Amino acid sequence: MSWTLLLALAALVFFNRYVFLEPMVPVRLPALLREALKYSAPCLLTAICGPIILLHDGAVRGMADNPYLYGAVAGVVIAARVRHMVLSVLLILGVFYLISWLL
């Protein structure tokens, strides 16, 4: 990827975020759009993690020997129960490495 394209994408992302984060910029969104934007981060995270969990070398991973799938399920359960970022990350990493070692 060329540097100009990378810088252009960085600028685009920055200005898109700046408009919503800067209180001096008068942006009024409809209630439906504000509600929909609440789900953008989980959707983006799913789009990033989904292929890592389900694919290996362009093929679908097997379910029985897939430590990423078990780690992802454990991660969702741990994060939902613990509700503390650092502790959740440490527990999820521990569970993932334990599952990887067992498989």
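Now for a quick tour of the structure. Please read these numbers as outputs of a predicted model, since none were measured by experiment. Position labels on residues start from 1 in each chain and follow its written sequence. The predicted origin of the model limits local features to residues at a pLDDT of at least 70 and limits the giving and counting of side-chain atom pairs to 80 or more, whereas totals for whole chains, interfaces and linings rest on all residues. With hydrogens and water excluded, all non-hydrogen atoms of the structure serve as input to the side-chain values.

**Some details on the overall build of the protein**
Summing up its helical and strand segments, the protein has five helices and two strands in all. Of the regular secondary structure in the protein, the N- to C-terminal order runs α-α-α-β-β-α-α. Computed over the C-alpha atoms, the radius of gyration of the protein is 19 Å, more than 25% above the 13 Å expected from 2.2 N^0.38 for a compact globule of 103 residues. C-alpha extents for the protein along the principal axes are approximately 55 × 40 × 25 Å. For the protein, buried positions account for 12% of its 103 residues. Accessible surface for the protein amounts to roughly 8,800 Å². Of this, 74% is attributable to carbon and sulfur atoms. For the protein, the centre of its 7 positive side-chain charges and the centre of its 4 negative side-chain charges are spaced 13 Å apart. Note on conventions: DSSP H or I runs of at least 4 residues are helices, E runs of at least 2 residues are strands, and numbering of each starts at the N terminus. The size measure is the radius of gyration over C-alpha atoms, and the globule rule it meets is 2.2 Å times the number of residues to the 0.38 power. Here's how the labels work: a residue is buried when its accessible area is under 20% of the maximum for its type, exposed when over 50%, partly exposed in between, all with a 1.4 Å probe on protein chains only. All accessible-area figures derive from a Shrake-Rupley calculation using a 1.4 Å probe, and residue coverage is judged against the displayed protein chains alone. The charged-residue count follows a simple rule in which Lys and Arg add positive charge and Asp and Glu add negative charge, with His and chain termini not counted at all. To locate a charge, the coordinates of NZ of Lys, CZ of Arg, CG of Asp or CD of Glu are taken.

**Remarks on the pattern of salt bridges**
The rule for a salt bridge is simple: a side-chain nitrogen of Lys or Arg has to be within 4 Å of a carboxyl oxygen of Asp or Glu. The final tally for this structure, using the stated rule, is one salt bridge. The partner of Glu35 in a salt bridge is Lys38, and the shortest N-O contact between them spans 3.3 Å. Of the residues examined, Lys38 reaches a relative accessible area of 57% and is grouped as exposed.

**Digging into the environment of Leu29**
Examined against the element boundaries, Leu29 turns out to sit in the loop between helix 1 (3-21) and helix 2 (31-37). Setting aside residues up to four positions removed in sequence, Leu29 forms contacts with Phe20, Arg34 and Leu37. What makes two residues a contact is simply this: any of their non-hydrogen atoms within 4.5 Å.

**Considerations on the packing of helix 4 (residues 67-82) against helix 5 (residues 85-102)**
Lines are fitted to the C-alpha atoms to define the axes, a helix being fitted only along its stretch in contact, and any angle between axes, read from their N-to-C directions, falls within 0 to 180 degrees. In contact at an axis separation of 9 Å, helix 4 and helix 5 are set at 155° when each is read in the N-to-C sense. Between helix 4 and helix 5, the interaxial angle falls into the category roughly antiparallel. Helix 4 and helix 5 meet at a crossing whose hand is right-handed. Taken together, the residues of helix 5 that come into contact with helix 4 (itself represented by Pro67, Tyr68, Tyr70, Gly71, Ala74, Gly75, Ile78, Ala79 and Val82) are Leu87, Ser88, Leu91, Ile92, Val95, Phe96, Ile99 and Ser100. Gly is put with the polar residues, along with every residue not named as nonpolar or charged; the nonpolar set is Ala, Val, Leu, Ile, Met, Phe, Trp, Tyr, Cys and Pro, and the charged set is Asp, Glu, Lys and Arg. Considering only residue class, the contact of helix 4 with helix 5 consists of 13 nonpolar, four polar and no charged. If an angle is under 35 degrees, it is roughly parallel; if it is over 145, roughly antiparallel; if it lies from 65 to 115, roughly perpendicular; otherwise it is oblique. Crossing handedness follows the turn of the near helix against the far one: under a right angle anticlockwise gives a left-handed crossing, and clockwise gives a right-handed one.

The analysis is restricted to geometry; functional conclusions fall outside its scope.
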